Structures are given as C-alpha cells and as structure tokens.
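# What the coordinates show
Listed below are the residues making up each chain.
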Amino acid sequence: MRELWTLFSVFFRIGLFTVGGGGYAMLPMLRREIVERYGWLSDPDLLNIYAIGQSTPGVIAVNTATFVGYRRRGICGSLAATAGIVVPSLLVISLISVFFAEFREIELVARAFAGIRIAITVLLIYIVAGMFKKAAPDIFSLLVLLLAFFLVAAGIVPVVWAILGGGVAGMLYYPLRDRTRAARATSETGESATAEASADKPEDGA
Amino acid sequence: MIYLELFAVFFKIGLLTIGGGLSSLPLLQEQCLQSGWIGEGEFMDMLAISQSTPGPIGINMATFTGYKVAAFPGAVVATAGMVAPSIIIIVLIAAFIRDFDRRPLVRHLMSGFRPAAVGLIAAATLLIFTGAVYDLPGLLRGAEPACNPVTLLLFAGLLVLHRLRKWHPALFLLIGAAAGAILC
C-alpha cells in the first residue's frame, strides 16, 4: 500500500516538473527517480520500457508510467503511477480553465494571444522540421509523410485513416524490401548473405 | 450522455496517438473542432497554454476540452478516456508480450506510423498557420486572403528569433504574447 503511494507521488512530481517538450523531457527525471533514487529498475530496463512506450498507442509519458507502475505493483501500481502523472495536469489546467473564458475576452489579453498564436506556429514549424529527418530516412517513408500530409491537409481523408494507412504501408513494404535485398544479395555474391541482409532492419532510430 | 461522449472521443484520440509528444495534435484538432466543442482560436490558445504548463500536452488538451464541455467532472472523464487505452494496452504487453519493441512487425508498423504522424503534424501546423498568420491554402485556391503586415512581420521576426536563440517554449510564447500585446 505504501509503495502505491510512493508510485503516485514519484510520478506526480515527474508530471509536475515536466513542462512542454512532450514525453522526452521526462526521461532525465525518470532515470533520476526510478533508477538512482529508488532502484526500482535498472537503466537498461527503464530505457527499454521507454522505447516500448514510444511504439505503443498512447501518450509516451502515460505509457511509461503505466509500465513502471505495473512492474512494481501490477495493475494497482499502473493505476497509481498513471494517476500520479495526470493529476498535475488535471489540477493546473482546471484551475486555468476557471478563468480562461473571461480572461481571453480582455482586449489586452486577446492581443497577447494573437502574438502567442504566431509564436506557437513558429514553434510547431521548427518541431516538424526537427522531426523530419528522423521520420523519413528513406524514399518510402518520405512518400508516406507527404501523402499523409496532402491527404489530410486537403481534407480528403480523416486523420485516423492516414495513421492506419501509414502503419499498413510500413507493414507491407518493409518485409518486401528486406526479402528483395536478401534475394539480391544471395544472387550477387553467390553465397547465402541472407543473414546479413535481413539484419538490415528498417531505420527506426529510437 | 455527455460524459460517455467525452470518454469515447478521447479514448479514440488516446488509442491513435502513436509515437512522440505531438502525435496527439492532429487528432485533437480534428476531433475538437469537428465536435464543435472548441473553436479554432480557442484551440490554438489552449495548445499554447498546454505547451507551457506541467504535464503531457495531450493530457492537458484533454483536461482543457473536458473542462470546457462539462466542468471538472468533464475534465476527469476526458483525461480518463485519454489514458485508458494506454493502461489497457501497456498492461497487456507488460504481462504477455516480451521484447515488444524488437519484434519485426512492430518495427515495420512504427516505420510506417512515424512518417505518417509527422506528415499529419505538418498538416495540423498548416491549419494553425492559416488561423494565426495567413490563409495560405486560400491563396493557393485562388482566393485573395486578407493580409496583415504586422502579423506577417511578427511571424518573420519570431521565426528568425527562434533560429538564433533556442529558448524554452514557455519563454518563447511569453515573448510572442508581449509582442502581440504591444503590436497587434
């Protein structure tokens, strides 16, 4: 029971002190608390959990909390940890929300927000530009990226189909690519380079 | 019932948020605007605040929307909806599947999801650009959108500023706020 409370409070602190930057910002603090301070997990274990959290549905921070919580205290642990990480959001945003509507209508505030909107646009542009290289390391993924962009930007396709379509495309393309490479390598060298070629995993740069 | 609707919508968003921090943005944008719960301007303002406050941005947006629709209980329900898929799927994986992220199928799927997600975030960014700076799609369609020189100048200025000084997002937004208050 005590450990459930510890799980909650550790992730509460992590949620409280991770401002912006998505789940990536939480990693240093996560390591400090989970690995160094409490010794709940080894570093490689934690990084593995974090990597899994990036490849599963859901917000990374929540995935990580759930996983660590589960490792410590099963389902109750995952609930405690997840609750911990979302409670700061719930409290802070709810508090802001109380004043939000009227606040926005103050003229000076409205002008300030006009500036904020421009700033957030700039931030987003840089974020997308930063993600670009890692997300599209080859022609195929570049095509997926551009297609998803155009289909949704033009309103042709709802977001969900673009996401699922991307996944299916990856699921179909990469095994084919690996098999083609293996076959080509085998015929070129005349010896079985299959092992070599299939070790050539799709770039995923976690 | 509104609580059920909130839960369902955010469950869907949570389920389809795959990959890094802003992956939830396109879905949030689509769902919140389509449902009529949030206006375009409101969405941008909430996004900015969500970037500057504690907590994952997706959770913040869920709380914001939930609160607007149904006060604090709404905030709780929306947030619960958003985290439910995580809890279910992660517990299943933790309990039953080993080396999840090393499996070829998962890697192949992620190699497809990842570029799609970035393309979608780019599309969401374009929509925000349209609302905040200039109606570029309108221009491409042949219309003649209104052009606000102050806005464009501020955009250019902030673009350059961010290139030169990588400040914390919250600080950068604050600068935008000050500039907006003074200039707009």
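Figured I'd write up the structure that's included with this text. This one's a predicted model, so the numbers in the text were calculated from it and none came from an experiment.

Calculation notes
- Residues numbered from 1 in each chain as written.
- Chains lettered and ligands numbered in written order.
- Predicted model: local features only at pLDDT ≥ 70, side-chain atom pairs only at ≥ 80, totals over all residues.
- Heavy atoms only, no water.
- Phe/Tyr/Trp six-rings, centres within 6.5 Å; stacked < 30°, edge-to-face > 60°.
- Buried < 20%, exposed > 50% of the residue type's maximum accessible area, 1.4 Å probe, protein only.
- Axes fitted to C-alpha atoms, helices over the stretch in contact; angles between N-to-C directions.
- Helix = DSSP H or I, 4+ residues; strand = E, 2+ residues; numbered from the N terminus.
- Parallel < 35°, antiparallel > 145°, perpendicular 65-115°, else oblique.
- Left-handed = near helix turned anticlockwise from the far one by under 90°.
- Nonpolar A, V, L, I, M, F, W, Y, C, P; charged D, E, K, R; others polar.
- Contact = heavy atoms within 4.5 Å.
- Salt bridge = Lys/Arg side-chain N within 4 Å of Asp/Glu carboxyl O.
- Polar contact = N/O pair within 3.5 Å; in protein donor to acceptor, adjacent residues only side chain to side chain.

### Re the packing of aromatic side chains
Residue and element names in this part refer to chain A. Applying the stated criterion to the full structure yields eleven aromatic pairs over all chains. Residues Tyr-38 and Trp-40 carry aromatic rings whose centres are separated by 4.8 Å and whose planes lie at 25 degrees to one another, so their mutual orientation is stacked. Looking at Trp-40, the relative accessible area reads 11%, which means it is buried. Look at Tyr-173 and Tyr-174: their rings are 4.9 Å apart centre to centre, the planes differ by 75 degrees, and that puts the pair in the edge-to-face class. For Tyr-174, a relative accessible area of 1% gives the class buried.

### Notes on the packing of helix H4 (residues 60-105) of chain A against helix H4 (residues 57-96) of chain B
Here H4(A) crosses H4(B) at 165 degrees, and the two axes come no closer than 9 Å. In terms of axis orientation, H4(A) runs roughly antiparallel to H4(B). Both H4(A) and H4(B) take part in a crossing whose hand is right-handed. Of the residues in the contact of H4(A) with H4(B), the class split is 24 nonpolar, eleven polar and no charged.

### Overview of the environment of Gln31(B)
All names here are of chain B. Relative to the helices and strands, Gln-31 is located in helix H2 (residues 24-34). For Gln-31 and Asn-148, which are 117 residues apart along the polypeptide, the C-alpha to C-alpha distance reads 29 Å. Setting aside anything within four residues of it in sequence, one finds Gln-31 in contact with Val-9, Lys-12 and Ile-13.

### Side note on the interface of chain B and chain A
Across the contact, 89 residues belong to chain B and 86 residues belong to chain A. On inspection of chain B and its partner chain A, the count reaches two salt bridges. Between Arg117(A) and Asp45(B) there is a salt bridge whose closest N-O contact spans 2.7 Å. The tally of links between chain B and chain A comes to twelve residue pairs in polar contact (both at pLDDT 80 or more). Sorting the residues of the side of chain B that touches chain A by element identifies helix H1 (2-16), H2, helix H3 (40-52), H4, helix H5 (104-132), helix H7 (149-164) and helix H8 (169-183) of chain B as the ones contributing at least two each. Per element, the largest residue contribution to the side of chain B that touches chain A is 23 residues, and it comes from H5(B). In the side of chain B that touches chain A, the residues fall into 57 nonpolar, 24 polar and eight charged.

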